[in-house]
Amino acid sequence: MFREITLGQYYAVDSVIHRLDPRVKLFGTLIYIMSVFMAGGLSGYLIVTMVYMLVMKLSKVPFSFALRGLKSVVWIVLMTFICNAFFYTGGTPFIKYGVISISAAGIKYGVAMSVRLILLVLGSSILTLTTTPNELTYGLEKAFGFLIKFHVPVQEIALMMSIALRFIPILIEETDKIMKAQASRGTDFDTGSIIKRVKNYIPIIIPLFISAFRRAGDLALAMESRCYRTGYQRTKMYPLKYTKADGKGYLVLMVYLLLFTLAKCTLLYTGNSGFYTM
Amino acid sequence: MIEFENVSYGYEDNKKVLESITFKIEDGDFVGIIGHTGSGKSTLIQMMNGLLKPDSGTIRFRGENIFGNGYNLRELKFRVGVVFQYPDYQLFETTVIKDVMYGPMNMGMTQNEAMDAAKQALSLVGISEDKFNKSPFELSGGEKKKVSIAGILAMNPEVLVLDEPVAGLEPEGRRNLLKLLEKIRNENHITIVMVSHSMENVADYCNHVLVMNEGKLELNGTPEEVFRQADKLEKMGLSSTVAYYIMRELEKRGIVHDDRSITMKEAYGCLEKLL
Amino acid sequence: MPFISIKNLVHQFHVRDMNGEITGEYNAIDDISMEIEEGQFIAILGRNGSGKSTLARHFNNLLFADKGSIWINDILVNHENEDIIWNNRKKIGMVFQNPDNQIIGTTVEEDTAFGPENIGIESENIITLVNEALEAVKMKHKSKMSPNHLSGGQKQKVAIAGILALKPKCIVLDEATSMLDPHSRKELMKFVLELNKKEKITIIMITHNMEEVVNADKLFIMNKGKLLTHGSVNEVFNEVETIKEAGLEIPEITELAIKLHHVNQNFRTGIFTPEEFANEFERVYNEKRNKE
């Protein structure tokens, strides 16, 4: 059962976005995040939302599937809204009680901040929806390859990430087995004070750690016996190669960034606040 | 003492993990469960102490439905002790004695009572006193296994259920452990249920055999009844005992007639006279 | 010339107390000499702590001798010469005990490619090597799968594919079957034997299970870091006392034959299958009838 768990939320389907080089998608995510931060007013948010919808359409990932990613941040969004709406001091409050002051401007600001957060989460989730954890790791390795010049062991870090990806499901399954073994000795995970409950997890954590260390030792030996050595340039069975589509992808991204920045600057310069505030 | 009635559980790859399992285990039995990896053996034993709940069907311990209203499932875990395959998943304390005391302390025994229970259990499995204060992680594979069994025995269970107790042990350790289980059953009157891959071990020690295949209980009987159905066992990708195959070959050649040996000891007893 | 030649090998382990201070040392391998010919199926047997796994790690240059020497293909292993070490690791692959703890890749083919990637082979060649290796272990159809979905036996086959992709001359199986169920164990042994016969790959099998090695060309039995005995299967299996001393057990059927040999000296020993046993029994039985 636990072996089915995959990290991230990859949605396996063939699409233009799926086929893009992970580096293009990483760059795209960065640009999108920048544009969301730059967008201010209603029209700005409309544009970035439409861009998101367009890319989603291209990726063939069902919107309902993408929405699942929001579940984990729903509380943060709510907190953001409350903090901004209740404690905003800029506008004229129509309710004021101690430190709480609610004003129309505050509510507007709260909504804007929440929308921004939602767009950030949804936007960057396109990356994980359309890229396997492996491609992503390799993409990161290549994208940050220049750091090797500064003696950062990029290749090693990437390998560590991919090994972690392989072992997470194994360790989850192992945790389940250990819990069952200790439950058979009467460990009670559900009752008692918080300190007692935390204490009840010690018999789980110790065997899990010992096993993880043993696995690490075994793995190091196995890697060494298969000619692995650090600091030695490895080759790849499937190296990342840019295609024409990737070139076009970069072009589209650059144009998007340029237009967005231009629009923003123009509007700021002319003092038209329509794009900036709501 | 343990009764399964039409127990079904779960789905995996469009197949039931357990399908309508019915059997009874009597007081004092030494039960062997055989079957392939993924045949449902592990699921079956995790139901015996209530770790898993069946989707349908009833499991009774001493006549009482263990998933009935108000049944004390926690107490059941002390009465039906389950020892899992890897002792490493169980051992965690700084010393052997403390680790064995963990179960008894969870039962609510005092420090002294738990200490006595642990000492008794450890001496029963043959761990000498000089090892009581050692770290359980310094022990050999066979010793770890014994300590993990002691950790369950210290709770004074009525049934001891073991998942592949001899897997990964060396020949010597294997024989020692099986002899120990036999002793626990005969002298301490604890019912034993053992999952095993070894037909020989089951034939040598058990009086009741359950054969699982793809979630179904295919055979249920005495070792003789089960191991004489070699064709059925082979169809499931299992086999009968070597002794049975020897006697079958000799029967084909007209040397023995209607011999019922399924263990090497029995086979030797029969063949020695003929030479 | 032998493929691997070991002369007076000693490997020392330090004994440490609770604080990590060295309080003593013992010889995990104590003055062992042996020769292994290319293309042979060798088995090294012994109980836990007999030194058999320590010895196995010397073949793969994961450990180095404290005293004595090892030649592989007539080249002396020298822990300061990296070229020799990397070359030996390419030539001699190793399959370990725990199937989960030796698979590095997140897919089957990616794991098989790990070795070739490490030694800097070009991409197109890696693809060919990986495909050939996965075909050899009959796992090609699972190449894109996560290893987490495979059985123990299949994982060990992937581990073997990862070694085959390096075009080895020899594979060392360090208790590689001990965590498998009997069915997968038999299947893996059958496959390894095939590799030995068809591809002429030298196999060194480290185990405590004597049933697995009845097809070996040569057996070595170790105890307490020393070589107790060596020879053909028939020779070694008859040394009942030595086997007992080493904490091993001969297959039940072989033992039964030896017991019957004591009843009737005509009954031959070194029997491994029920058919063989029945044939021998029939022969001795008829002989006795005829005399009477």
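See the structure shown above.
Undergrad: Please clarify how the sheet that holds strand β9 (residues 218-223) of chain C should be interpreted in this entry.
TA: Backbone hydrogen bonds hold the strands of a sheet together, and the pairing may be parallel or antiparallel. All names here are of chain C. Strand order across the open sheet formed by six strands is β6-β7-β8-β3-β9-β10, with mixed pairing between neighbours. Edge strands, defined here as strands with exactly one partner in the open sheet, are β6 (92-95) and β10 (226-231). Taken pair by pair, the neighbouring strands of this sheet meet at an average axis angle of 15°, ignoring direction. Two strands pair when backbone bridges link them, and β9 and β10 are joined in this way by five bridges, in the antiparallel orientation. Bridging from a neighbouring strand, Met222 pairs with Leu227 of β10. Relative to β6, helix α2 (residues 82-91) is tilted by about 60°, and along the sheet it contacts β6 and β7 (170-174).

Undergrad: What is the right way to read the interface of chain C and chain A from this model?
TA: You'll often see interface size given as the accessible area lost when the parts meet. Listed as interface residues are 41 residues of chain C and, on the opposing side, 31 residues of chain A. Here chain C meets chain A over a buried area of about 3300 Å², counting both sides, of which 52% is carbon and sulfur. Its largest share of buried area at the contact with chain A, chain C owes to Trp86(C), Asn101(C) and Asn148(C), together 21% of the area lost on that side. In this assembly, chain C and chain A are joined by five salt bridges. Secondary structure elements with two or more residues in the side of chain C that touches chain A: α2, α3 (108-112), α4 (114-118), α5 (123-136) and α6 (152-164) of chain C. If you tally residues by element for the side of chain C that touches chain A, the top one is α4(C), at five residues. The residue makeup of the side of chain C that touches chain A, split by class, is 16 nonpolar, 14 polar and eleven charged.

Undergrad: Quick question: what am I supposed to make of the nonpolar core here?
TA: Residues Leu122(B), Leu153(B), Leu160(B), Ile184(B), Val211(B) and Phe227(B) are the most contacted members of the largest nonpolar core, which totals 52 residues. The dominant element in this core, judged by the number of residues it contributes, is helix α4 (residues 111-125) of chain B, at seven residues. The contacts of Leu153(B), once residues within four sequence positions are left out, are Ala121(B), Leu124(B), Val125(B), Leu160(B), Ile184(B) and Ile190(B). If you look at the next biggest cluster of nonpolar residues, it comprises 47 residues, including Ala43(C), Ile171(C), Phe191(C) and Ile203(C).

Undergrad: Hey, could you run me through the pattern of salt bridges in this one?
TA: Where charged atoms from two side chains of opposite charge come close, those side chains can pair. Applying the stated rule across the entire model yields 39 salt bridges over all chains. We note a salt bridge from Asp21(A) to Arg23(A), for which the minimum N-O separation is 2.9 Å. Since its relative accessible area comes to 15%, Arg23(A) is described here as buried. Here Lys167(C) makes a salt bridge to Glu132(C), at a shortest N to O gap of 3.2 Å. Placement of the pair is Lys167(C) in the loop between α6 and β7 and Glu132(C) in helix α5, with a sequence separation of 35 residues. According to the relative accessible area criterion, Glu132(C) is partly exposed, its value standing at 39%. One salt-bridge network, held together by shared partners, links Asp27(B), Arg62(B), Glu75(B), Arg79(B) and Glu158(B).

Calculation criteria
- Residues numbered from 1 in each chain as written.
- Chains lettered and ligands numbered in written order.
- Predicted model: local features only at pLDDT ≥ 70, side-chain atom pairs only at ≥ 80, totals over all residues.
- Heavy atoms only, no water.
- Pairing = 2+ DSSP bridges.
- Helix = DSSP H or I, 4+ residues; strand = E, 2+ residues; numbered from the N terminus.
- Axes fitted to C-alpha atoms, helices over the stretch in contact; angles between N-to-C directions.
- Contact = heavy atoms within 4.5 Å.
- Buried area = accessible area lost by both parts, 1.4 Å probe.
- Salt bridge = Lys/Arg side-chain N within 4 Å of Asp/Glu carboxyl O.
- Nonpolar A, V, L, I, M, F, W, Y, C, P; charged D, E, K, R; others polar.
- Core = buried A, V, L, I, M, F, W, Y, C linked by side-chain atoms within 4.5 Å.
- Buried < 20%, exposed > 50% of the residue type's maximum accessible area, 1.4 Å probe, protein only.

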